[in-house]
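So the chains spell out like this:
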Amino acid sequence: MSGDIVTLEVSDHIALATLNRPPVNALDRAMRERIVAVFDEISERADVRVAILTGAGKVFCSGADLKDRPDPAKIGAFHSHNRITRETGNCIRECSKPVIAAINGVALGAGVGLMASCDIFYACEEAVFGMPEINVGLAGGAAMLNTLFGRSLMRRMFFTGYRVPAAELYRLGIIEACTTKENLLPEAMKIAREIASKSPIAVEYAKNAANMVELMPPRDAYRFEQNITMALSKTEDAKEARMAFLEKRTPVFKGR
């Protein structure tokens, strides 16, 4: 069933989405459509405050399934393929809840794109990252790499297919932690639980602000955030946060 190729589990306000298409979690159209469906669901679910994206097995995602390429002779096939390919990342980036990437192994091509669409990055020691399109006569993914790496490393990866180990990404400050495989999900869960403990309405506003200020000049971005602060200050959660701080107790948020 299509639901099995990306599983979704929710517990204690944390959603765990797991890529599950053996052997290497390659992305075909059905899997892309399922990813979109999963993250659209996460966006709307009131019982979810944060999400984790990981992979089953030894590979996070090997990239696009080369057996599922569009037929260039069929009119409109590439446009349809490209649209769902874009939305595979957009649904994560635009998800109303923060998304933590827990990279459990190799992440190549579109797999790096999935990671780049997330908000916070964790990886295990076995993980490596690359954009190998150049090795199969293609060129794509510079926009994804550009959000993660500096100019020289980004272009080296793009022009040669060079694969970067997780330890190097940690040294460069690109990922939050490089852990053992056993500790990967527990470490990601720690930050997920911390986020889940915050006001859900404030976190949703914060996710929107983080996305938008990347696209705006500093003056406009700060004005945008001030408007968010003004709106949040009128919520029940903001009042509860202030009272809990003054009363030295844990706040109880209602998301309104």
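Residues numbered from 1 in each chain as written. Predicted model: local features only at pLDDT ≥ 70, side-chain atom pairs only at ≥ 80, totals over all residues. Heavy atoms only, no water.

- The name given to the protein in an unreviewed UniProt entry is Enoyl-CoA hydratase, with the source organism recorded as Bradyrhizobium algeriense.

**Digging into the sheet that holds strand β3 (residues 50–55)**
Turning to step 1, where the next piece is worked out: In space, the six strands of this open sheet follow the order β1-β2-β3-β5-β7-β10, with mixed pairing throughout. Of all the strands in the sheet, just β1 (6–11) and β10 (177–179) have a single pairing partner and so form its edges. When the angles between neighbouring strand axes are averaged without regard to direction, this sheet yields 20 degrees.
Turning to step 2, where the next piece is worked out: Sheet analysis places strand β7 (residues 120–124) next to β10, joined by three bridges and oriented parallel. Note that in β10 the partner of C124 across the bridge is T179.
Turning to step 3, where the next piece is worked out: Its contacts with the sheet place helix α2 (residues 29–44) against β1, β2 (14–19), β3 and β5 (99–103), and it is angled at close to 15 degrees to β1. (Pairing = 2+ DSSP bridges. Helix = DSSP H or I, 4+ residues; strand = E, 2+ residues; numbered from the N terminus. Axes fitted to C-alpha atoms, helices over the stretch in contact; angles between N-to-C directions. Contact = heavy atoms within 4.5 Å.)

**Quick notes on the packing of aromatic side chains**
Two numbers describe a pair of aromatic rings. These are the distance of the centres and the angle of the planes.
Turning to step 1, where the next piece is worked out: Inspection of every chain in the model, using the stated rule, returns one aromatic pair.
Turning to step 2, where the next piece is worked out: Here the aromatic rings of F158 and F159 are separated by 6.1 Å at their centres, their planes lie at 40 degrees, and the arrangement is tilted.
Turning to step 3, where the next piece is worked out: Its guanidinium or amino end placed over the ring of Y162, R156 lies 3.7 Å from that ring's centre, counting from NZ or CZ. (Phe/Tyr/Trp six-rings, centres within 6.5 Å; stacked < 30°, edge-to-face > 60°. Lys NZ or Arg CZ within 6 Å of the ring centre and 35° of its normal.)

**What about the nonpolar core?**
A general feature of soluble globular proteins is that nonpolar side chains tend to end up buried together.
Turning to step 1, where the next piece is worked out: Within the largest apolar cluster, 63 residues are counted, with the highest numbers of intra-cluster contacts made by I35, F39, L53 and F129.
Turning to step 2, where the next piece is worked out: Apart from residues no more than four positions distant in its own chain, F129 is found in contact with I103, A107, L108, V112, M115, A123, M157, Y162, R163, V164, A166 and L169. (Core = buried A, V, L, I, M, F, W, Y, C linked by side-chain atoms within 4.5 Å. Buried < 20%, exposed > 50% of the residue type's maximum accessible area, 1.4 Å probe, protein only.)

**Notes on the pattern of salt bridges**
Turning to step 1, where the next piece is worked out: Here the structure, examined in full by the defined rule, presents 12 salt bridges.
Turning to step 2, where the next piece is worked out: Here R171 ties to E168 by a salt bridge, and the two come within 2.7 Å at their closest N and O atoms. With R171 and E168 both in helix α7 (residues 166–171) and three residues apart, the pair spans about one turn of that helix.
Turning to step 3, where the next piece is worked out: The exposure class assigned to E168 is partly exposed, which follows from its relative accessible area of 26%.
Turning to step 4, where the next piece is worked out: Across the salt bridge formed by E187 and K190, the nearest N and O atoms sit 3.1 Å from each other. Of this pair, E187 and K190 both sit in helix α8 (residues 181–196), three residues apart, roughly one helical turn.
Turning to step 5, where the next piece is worked out: A single network of salt bridges, built from pairs that share partners, joins R21, D28 and D65. (Salt bridge = Lys/Arg side-chain N within 4 Å of Asp/Glu carboxyl O.)

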